[in-house]
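# Architecture at a glance
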Amino acid sequence: MSIKLLLGVFLSGLLALAFSACDADKLSKLKPGITSADEVRKLMGEPSLEWVETDGTRVWEYPRTPEGIVNYMLVIAPDNLLREVRQVLTEENFAKVRPGMSSDEVRYLLGRPAHELYFSLKQEKVWDWKTKVEPGMTWYFNVHFNNDGVVTRTSTSFTAPGA
């Protein structure tokens, strides 16, 4: 293994470790039922996206992609208190992605993707999320959409350093 490749793998690992340590510290301060929406915003920053449900519940997206392997959804109840913190990049959620779902439904379920690619010959858009990093390999969960933004299928892939 070349020094350059080894250094790249090492630095990627350090970056992921720094993100997770920072998140762990912030997340440990969030207390469902106690922490207010204002306190969440001060601690976590502005969400990248907000969904408002019919009952007034708000879901705030805090993605850690493309470098991280987690995306967080924080649920703010109508009483303006944190209700729930969800890490949404899970096998359970990946299994919920089905043909016929809209891109909005997928985004609500998994958060912002790491990458968005368009393949003109296949006439499809593919979103991916990094799911696992192992020595020499990075794994992704992929969602394929047609030109109408409707899921046609899912897949998994991996990349190796230098690939």
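Note that the coordinates shown come from a computational prediction; the quantities given were computed from them, not determined experimentally. (Residues numbered from 1 in each chain as written. Predicted model: local features only at pLDDT ≥ 70, side-chain atom pairs only at ≥ 80, totals over all residues. Heavy atoms only, no water.)

### Points about the confidence of the model for the chain
Residues shown with low pLDDT carry predicted positions that ought not to be read at fine detail. Residue-level pLDDT values for the chain average 89, and 86% of them are 70 or greater. Low confidence marks residues 1–19, where pLDDT is under 50. Its contacts with residues over four positions away, or in another chain, come to six contacts. (pLDDT = per-residue confidence, 0-100. Contact = heavy atoms within 4.5 Å.)

### Remarks on the packing of aromatic side chains
Summed over all chains, the structure comprises six aromatic pairs. Ring centres of W51 and Y108 lie 5.1 Å apart, and the angle between their planes is 90°; this geometry places the pair in the edge-to-face category. With a gap of 57 residues between them, W51 in strand β1 (residues 49–52) and Y108 in helix α4 (residues 103–110) connect regions that are remote in the sequence. Ring centres of F94 and F141 lie 4.3 Å apart, and the angle between their planes is 15°; on these two criteria the pair is classed as stacked. In this pair, F94 sits in helix α3 (residues 91–96) while F141 sits in strand β7 (residues 137–145), placing the two residues 47 residues apart along the sequence. Both residues of the pair, F94 and F141, count as buried. Among the aromatic residues, those joined into a cluster by ring pairs are F94, W127, W129, F141 and F145. (Phe/Tyr/Trp six-rings, centres within 6.5 Å; stacked < 30°, edge-to-face > 60°. Helix = DSSP H or I, 4+ residues; strand = E, 2+ residues; numbered from the N terminus. Buried < 20%, exposed > 50% of the residue type's maximum accessible area, 1.4 Å probe, protein only.)

### With respect to the pattern of salt bridges
By the definition in use, this model includes eight salt bridges. When the shortest N-O distance is used, the salt bridge between R107 and E61 registers 2.7 Å. Linking R107 in helix α4 with E61 in strand β2 (residues 58–63), this pair joins segments that are 46 residues apart in sequence. For the pair R107 and E61, a shared accessibility class is recorded, and that class is buried. When the shortest N-O distance is used, the salt bridge between E92 and K96 registers 3.9 Å. Taken together, the residues span about one helical turn, with E92 and K96 both in helix α3 at a distance of four residues. Overall, the relative accessible area of 57% leaves E92 in the exposed class. (Salt bridge = Lys/Arg side-chain N within 4 Å of Asp/Glu carboxyl O.)

### What to know about the nonpolar core
Core analysis: the largest hydrophobic core is formed by 13 residues, its most contacted members being V97, V106, L110, W129, F141, V143 and V151. Dropping the residues within four chain positions of it, V143 is found in contact with V97, V106, K125, V126, W127, W129, V151, R153 and T154. Ranked by size, the runner-up nonpolar core spans 12 residues in total, among them M44, W60, Y72 and L82. (Core = buried A, V, L, I, M, F, W, Y, C linked by side-chain atoms within 4.5 Å.)

### Here we look at the sheet that holds strand β4 (residues 82–87)
Ordered by their spatial adjacency, four strands build an open sheet running β1-β2-β3-β4, and the pairing between neighbours is antiparallel. Two strands bound the open sheet, and with one partner strand each, they are β1 and β4. Across this sheet, the average inter-strand angle for adjacent strands is 20°, counted without regard to direction. With four bridges joining them, β1 and β2 adopt antiparallel strand pairing. The partner of E50 across the bridge, within β2, is W60. Against the sheet, α4 contacts β1, β2, β3 (71–76) and β4, and its axis sits at roughly 90° relative to β3. (Pairing = 2+ DSSP bridges. Axes fitted to C-alpha atoms, helices over the stretch in contact; angles between N-to-C directions.)

### Comments concerning the sheet that holds strand β8 (residues 151–159)
Across the sheet, which stays open at both edges, the four strands sit in the order β5-β6-β7-β8 with antiparallel pairing between neighbours. Here the strands that pair on one side only, and so sit at the sheet edges, are β5 (115–119) and β8. Each strand of the sheet is rotated relative to its neighbour by a mean of 25°, with strand direction disregarded. Inspection of the sheet shows β7 paired to β8 by eight bridges, in the antiparallel sense.

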